[in-house]
Amino acid sequence: MKALFIICNNPNFDLVGYHAFNYFKEHYLLMLDKIDDELNVKTYKYKKDDNEYYFLLTCDHVMHHLKKYVNFLNDNFNDVDIVVHINYHAGANALDNILTVHKVGDIASATFLPSMPMEATRLLLSLKKYNDELNLGFTITTETTHYSGVASGSDPKELYEFKKPTYDLEIGSTTQAYENKKAIIALCESAMRIFDKNFETRLNVIYLGGPFFENTYTEAILRNTYPIYYDNHLCQMMLEDIDYLNNSKELIIDIIKKSFQTVDLIVYHDKVRKIKPILDEIYKEYGIPNVKHRALRNVNENPELLKIFREKMSRV
């Protein structure tokens, strides 16, 4: 397996990327692989067991200037399995002292890249592991699927020019958090666990509705009892922006088809419960059941969800 970690190594733009690469350089034997003077980028390579890890260092954020880098990415990394942008989290009302993972895509334009739920879930579980071991005290969280390039005016459809499963792995959301040495360790070591051995069988769940940071989804992923994979989360605000009662069916089907793991379940928040008839249509066509979000909080009290879990386990 091959992973590409994209890192803005310019401390004026990204303190997390800057400190993360310094950590990788100090703790892993990175070999210089490629230099492109025109783009002002360097690529390093690290190999462990049968896996290869590439580190692409840039002076700005690829997600904000994708058109600039897309030819280089296709020419040099067309064979990677997954792409992870290691950077900082910020924004209006951004939570502080967080370690977060999110799928890169754009709900408004229905632009979705393939997803690798197993690898994304490994990132989250590793963040929790190191957060606990280091006594860091940060919050581990997922975010809704989104594309940060929108903020700089990039066209989300440009993502299709380098069509790889793509995630952001971030520390948020203040300078103090960006420079927290334990947080950098947790972030970097979690990235290097992305191809660790398989863990227990899980249900692959798409989550619809709820806030930008949806605790119900994250907690179910991190829980040991009846755990789930992290696939895509489409938050309520962004669903409402696309008039989901009229436009969400094809969008959800597109996500289902692009997942590397069979989608076992669709969970919807109470506040978008009007989507239920659409999900029932998807159930009839694809056999994917749906449940309200509260079912993830009390699995043992939900016979329908328990049945789905046990049926999945019996097929393993």
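Conventions used here
Residues numbered from 1 in each chain as written. Predicted model: local features only at pLDDT ≥ 70, side-chain atom pairs only at ≥ 80, totals over all residues. Heavy atoms only, no water. Helix = DSSP H or I, 4+ residues; strand = E, 2+ residues; numbered from the N terminus. Rg over C-alpha atoms; globule rule 2.2 N^0.38 Å. Buried < 20%, exposed > 50% of the residue type's maximum accessible area, 1.4 Å probe, protein only. Contact = heavy atoms within 4.5 Å. Areas by Shrake-Rupley, 256 points an atom, 1.4 Å probe, with all protein chains shown as cover. Lys, Arg positive; Asp, Glu negative; His and termini not counted. Charge placed at Lys NZ, Arg CZ, Asp CG, Glu CD. Pairing = 2+ DSSP bridges. Axes fitted to C-alpha atoms, helices over the stretch in contact; angles between N-to-C directions. Phe/Tyr/Trp six-rings, centres within 6.5 Å; stacked < 30°, edge-to-face > 60°. Lys NZ or Arg CZ within 6 Å of the ring centre and 35° of its normal. Right-handed = clockwise from strand over helix to strand, strands pointing away.

**Quick look at the overall build of the protein chain**
Regarding its fold elements, the protein chain presents eleven helices and 14 strands. Computed over the C-alpha atoms, the radius of gyration of the protein chain is 19 Å, within 12% of the 20 Å expected from 2.2 N^0.38 for a compact globule of 316 residues. Structurally, the protein chain occupies a C-alpha span of about 55 × 40 × 40 Å along its principal axes. A buried classification covers 57% of the 316 residues belonging to the protein chain. Across the protein chain, contacts joining residues at least 24 apart in sequence account for 77% of those joining residues at least 6 apart. By element, 46% of the accessible surface of the protein chain is carried by carbon and sulfur atoms, the whole surface being about 14000 Å². The protein chain carries 37 positive and 44 negative side-chain charges, and their two centres are separated by 5 Å.

**Section: the sheet that holds strand β3 (residues 41–48)**
Strand pairing within a sheet occurs via backbone hydrogen bonds; the two strands may be parallel or antiparallel. Strand order across the open sheet formed by eight strands is β2-β3-β4-β1-β5-β10-β6-β9, with mixed pairing between neighbours. Looking at the sheet topology across the chains shown, the edges are occupied by β2 (31–36) and β9 (139–142). Here the strands of the sheet are splayed against their neighbours by 20 degrees on average, with no regard to which way each runs. Across seven bridges, β3 lies against strand β4 (residues 51–58) in antiparallel orientation. By the bridge assignment for β4, K48 is matched with N51.

**With respect to the packing of aromatic side chains**
Tallied over the entire structure, the rule returns 15 aromatic pairs. Between the aromatic rings of F5 and F24, the centroid separation amounts to 6.3 Å while the plane-to-plane angle is 5 degrees, which identifies the pairing as stacked. Placement of F5 in strand β1 (residues 2–8) and of F24 in helix α1 (residues 15–27) is noted, with a sequence separation of 19 residues between them. When its relative accessible area of 0% is taken as the criterion, F24 is described as buried. For the ring pair Y88 and Y178, a centre distance of 5.4 Å and an interplane angle of 65 degrees mean the geometry is edge-to-face. Residue Y88 is located in strand β5 (residues 82–89), and its partner Y178 is located in helix α4 (residues 175–178); the two are separated by 90 residues in the primary sequence. We classify Y178 as buried; its relative accessible area is 8%. Connected via pairs of aromatic rings, a cluster forms that spans F5, F24, Y28, Y46, Y53, F55 and F195. One cation-aromatic arrangement involves K103 over Y167; the distance from NZ or CZ to the ring centre is 5.6 Å. Geometry around Y160 places K163 over its ring, the cationic atom sitting 4.9 Å from the centre.

**Description of the pairing of strand β12 (residues 228–234)**
Of all the seven residues making up β12, seven are buried; the element is thus mostly covered by neighbouring parts of the structure. Two strands pair when backbone bridges link them, and strand β11 (residues 203–208) and β12 are joined in this way by five bridges, in the parallel orientation. Bridge pairing links Y207 to H233 in β12. Between β11 and its parallel partner β12, the chain crosses via helix α6 (residues 215–222), and the hand of that crossover is right-handed.

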